[in-house]
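Listed below, chain by chain, are the residues.
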Amino acid sequence: MSKQYQAIRGMNDILPSESALWQTLETTVREVLAAYGYHEIRLPIVEKTELFARSIGEITDIVEKEMYTFADRNGESVTLRPEGTAGCARACLEHGLLHNQTQRLWYAGPMFRYEKPQKGRYRQFHQVGAEAYGMVGPDIDAELICLSARLWRRLGIRDVALQLNSLGSSAARAAYHDRLVAYFESRRAELDEDSQRRLYANPLRILDSKNPAMRMVVAEAPSLPDHLDPESRVHFEELRALLESAGIAYQINPRLVRGLDYYCKTVFEWVTDTLGAQGTVCAGGRYDGLIEQLGGQPVPGVGFAMGLERLVAMLAATGHSGVDPTPHVFLITAGEAARRRGLALAERLRDQVPALRLRMNCGGGGFKAQFRRADHSGARFALIFGEDEASAGTVAIKPLREAQGEQITLPQDQAGTWLRAAALDETS
Ligand code: HAM
């Protein structure tokens, strides 16, 4: 096999053997989102670089190191979207979707981050995101969390836990920011290079440091929940009460700060320890300042995004095999006339029984070879259409699996009804 052309590192093909699971996941996600009244929005994959820098934050890993940014042919700097929240907010503003109205929206598709590829972490990965605008209270935060919890139940995914934190209002964050800077300045000699760089611009991210050498400094830092403003404290308490009344278990993680700058108040992550190091399957929070920051009137927002590669891996571990694309019937034709009329017969059967998965023999071959293909296809029945059947207006049906009875011959106009009952187990 030629190795001349290979996919770009960290960008994966999703092969036919895997796509059934993806479809199961995507269909279930769509159904659950629709059940909560969310509408799909389809967004461009490329946006102006400035949009991401402004929303996600200049001093974040994503903007500093991970964006696929290039000059368009007219010299404008554009970026492959690293996430969907910024584009969604931009689209809502641009099309006036936020004037005196609420919105519940979702999107799906590929995102791009130049990260170090490893299991569960890719350079092209896929997200489904949900964003809700115009609702200021914790009820919508709770609804989004309930929605994600329902999705796990529908998918049979058990090993995920909800982590919750509040970052407070932007004013409280600013005050906490100053406290943190003062604290980290006092321990400056113990900070690693990344943290030194973030000290003034983004000290909250130091709390998130994965460097074991930083553990002590981080552990002794002023705690975020102690610095919440009263409004955020009430919001958080109400959210907790709502989740408790809905029977959703959670853990408070005071070190959960998230890697994007637009968040305030609620932040959450669904995490699992079944996937190794990349255990966050869904993450999000509230971003009440983002719309204003992008030039709109202040409109509160809250949302989440889930990583589909990670969820597919979890689904596979539950033993799910996904939507079954195996044909129900395989049409074997013999002789020139039958071969020609076979196509028309297949089309008539597809008209009559739209759910029937019928694979027609293409590419020639004698009876024996065609039977082998029929058997190989996994179909339950072979339809045999030779010269005799073609001239008599009939078709023979031969069961291929277990004890499904003898071969029969039916008039062509009865074959659809028979197959609907026998292959789809439907009687009408
Ligand atoms: P995020 O935490 O950057 O948030 O990404 C959300 C999820 O996308 C992660 O929890 C993970 O499952 C998946 N993900 C992220 N990066 C990768 C990667 N390199 N490879 C595979 N999966 C990955 C956001 O993107 C926010 N926009 C979420 C949000 C929406 N907040 C409010 N609304």
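Residues numbered from 1 in each chain as written. Predicted model: local features only at pLDDT ≥ 70, side-chain atom pairs only at ≥ 80, totals over all residues. Heavy atoms only, no water.

Q: What should I look at first to understand the pattern of salt bridges in this one?
A: Oppositely charged side chains can form a pair if their charged atoms are brought close together. Using the criterion set out here, one finds 22 salt bridges in the structure. Notably, a salt bridge pairs R197 with D194, separated by 2.9 Å at the nearest N-O pair. Of this pair, R197 and D194 both sit in helix α7 (residues 193-198), separated by three residues, roughly a single helical turn. R197 gets classed as partly exposed once you look at its relative accessible area, which sits at 41%. Its relative accessible area of 31% is what places D194 among the partly exposed residues. The partner of E269 in a salt bridge is R258, with the nearest N and O atoms 3.0 Å apart. With a gap of eleven residues between them, E269 in strand β9 (residues 264-271) and R258 in the loop between β8 (251-252) and β9 connect regions that are remote in the sequence. Each member of the pair, E269 as well as R258, carries the same accessibility label: buried. Ionic contacts of the salt-bridge type, sharing partners, join the residues D61, K65, R198, R205, D208 and K210 into one network. (Salt bridge = Lys/Arg side-chain N within 4 Å of Asp/Glu carboxyl O. Helix = DSSP H or I, 4+ residues; strand = E, 2+ residues; numbered from the N terminus. Buried < 20%, exposed > 50% of the residue type's maximum accessible area, 1.4 Å probe, protein only.)

Q: What is the right way to look at the packing of helix α12 (residues 336-352) against helix α15 (residues 412-424) in this model?
A: Pairs of packed helices are described in terms of their axes, by the angle between the two and the distance that separates them. Across the interface, α12 lies against α15 with an axial gap of 10 Å and an inter-helix angle of 45°. Between α12 and α15, the angle falls in the class oblique. Of the two possible hands of crossing, α12 and α15 adopt the one that is right-handed. Of the residues in α15, those touching α12 at L345, R348, L349 and Q352 are Q412, A415, G416, T417, L419 and R420. For the contact of α12 with α15, the per-class residue count stands at four nonpolar, four polar and two charged. (Axes fitted to C-alpha atoms, helices over the stretch in contact; angles between N-to-C directions. Parallel < 35°, antiparallel > 145°, perpendicular 65-115°, else oblique. Left-handed = near helix turned anticlockwise from the far one by under 90°. Contact = heavy atoms within 4.5 Å. Nonpolar A, V, L, I, M, F, W, Y, C, P; charged D, E, K, R; others polar.)

Q: Is there a simple way to explain the site of the ligand in this structure?
A: The immediate surroundings of the ligand are formed by 26 residues, with E83, T85, E115, E131 and Y263 found nearest. Take Q127: an N or O atom from its side chain is 3.1 Å from an oxygen atom of the ligand. In the model, a nitrogen atom of the ligand is placed 2.6 Å from a nitrogen or oxygen of the Y263 side chain. Here the ligand loses 96% of its free accessible area of 660 Å² to cover by the protein chains. When residues in the shell around the ligand are grouped by element, the largest group, six residues, is from strand β10 (residues 280-286). Looking at side-chain class alone, the shell around the ligand contains eleven nonpolar, eight polar and seven charged residues. (Near = heavy atom within 4 Å. Polar contact = N/O pair within 3.5 Å; in protein donor to acceptor, adjacent residues only side chain to side chain. Areas by Shrake-Rupley, 256 points an atom, 1.4 Å probe, with all protein chains shown as cover.)

Q: Looking at this structure, how should I read α12?
A: Helical geometry note: an α-helix holds 3.6 residues per turn, so side chains three or four residues apart project in the same direction. Over its 17 residues, α12 runs 25 Å from end to end, which matches the ideal 24 Å to within 8%, given 1.5 Å per residue. The largest bend in α12 comes to about 30°, at G342. The set of residues buried in α12 consists of A338, G342, L345, A346 and L349. Elements in contact with the buried residues of α12: β12 (329-333), β13 (358-360), β14 (381-385), α14 (387-392), β15 (394-399) and α15. (Expected span 1.5 Å × (residues − 1). Bend = angle between axes of the 7 residues up to and from the residue.)

Q: Just to check I follow, could you spell out the nonpolar core for this structure?
A: One recurring pattern in soluble globular proteins is that nonpolar side chains are buried together. Residues Y133, F184 and L207 are the most contacted members of the largest nonpolar core, which totals 46 residues. Secondary structure elements with two or more residues in this core: α2 (49-56), α3 (61-66), α4 (85-94), β5 (103-112), β6 (124-133), α6 (170-186), α8 (215-219) and α10 (290-293). If one sorts the elements of this core by residue count, α4 sits on top with five residues. Ignoring sequence-local partners within four residues, the contact set of F184 consists of L191, L199, P203, I206, L207, V217 and A221. Among the nonpolar cores identified, the runner-up in size contains 45 residues, and V32, A130, L155 and L311 belong to it. (Core = buried A, V, L, I, M, F, W, Y, C linked by side-chain atoms within 4.5 Å.)

Q: Looking at this structure, I do not really get the side chain of R286. What am I missing?
A: With respect to the secondary-structure elements, R286 resides in strand β10. R286 sits in the buried class, given a relative accessible area of 0%. One polar contact links the side chain of R286 to the main-chain carbonyl oxygen of M135, over a distance of 3.0 Å. A polar atom in the side chain of R286 sits 2.8 Å from the side chain of D288.

Q: Whenever I open this one, unusual backbone geometry confuses me. Can you help?
A: For N100, which is not glycine, the phi torsion reads 45° and is therefore positive. Locating N100 in the fold gives a position in the loop between α4 and β5. For R258, which is not a glycine, the phi torsion comes out positive at approximately 70°.

Q: Explanation requested: helix α5 (residues 138-155) in the structure shown.
A: Here α5 is 18 residues long and its end C-alpha atoms lie 26 Å apart, about the 26 Å a rise of 1.5 Å per residue gives. Of all 18 residues making up α5, 14 are buried, and the element is well covered by its neighbours. Immediately downstream of α5, the backbone of G156 shows phi near 75°, a positive value.

Q: Would you explain the packing of aromatic side chains in this entry?
A: To describe a pair of aromatic rings, one takes the distance between the centres and the angle between the planes. In this structure the tally under the stated criterion is ten aromatic pairs. Following the ring pairs from residue to residue traces out a cluster consisting of Y133, Y262, Y263 and Y287. (Phe/Tyr/Trp six-rings, centres within 6.5 Å; stacked < 30°, edge-to-face > 60°.)

Q: Even after reading the chapter, I still don't get the pairing of strand β11 (residues 301-307), so can you show me in this structure?
A: Regular strands place side chains that alternate from one sheet face to the opposite one. Within β11, seven of the seven residues are buried, leaving the element largely enclosed by the surrounding structure. Note that β6 and β11 share seven bridges and pair antiparallel. Residue G129 lies in a different strand from β11, and its bridge partner there is A305. Two strands pair when backbone bridges link them, and β10 and β11 are joined in this way by five bridges, in the antiparallel orientation. Its bridge partner lying in β11, G285 is registered against G303. (Pairing = 2+ DSSP bridges.)

Remember that the coordinates give geometry; whether it matters functionally is a separate question.
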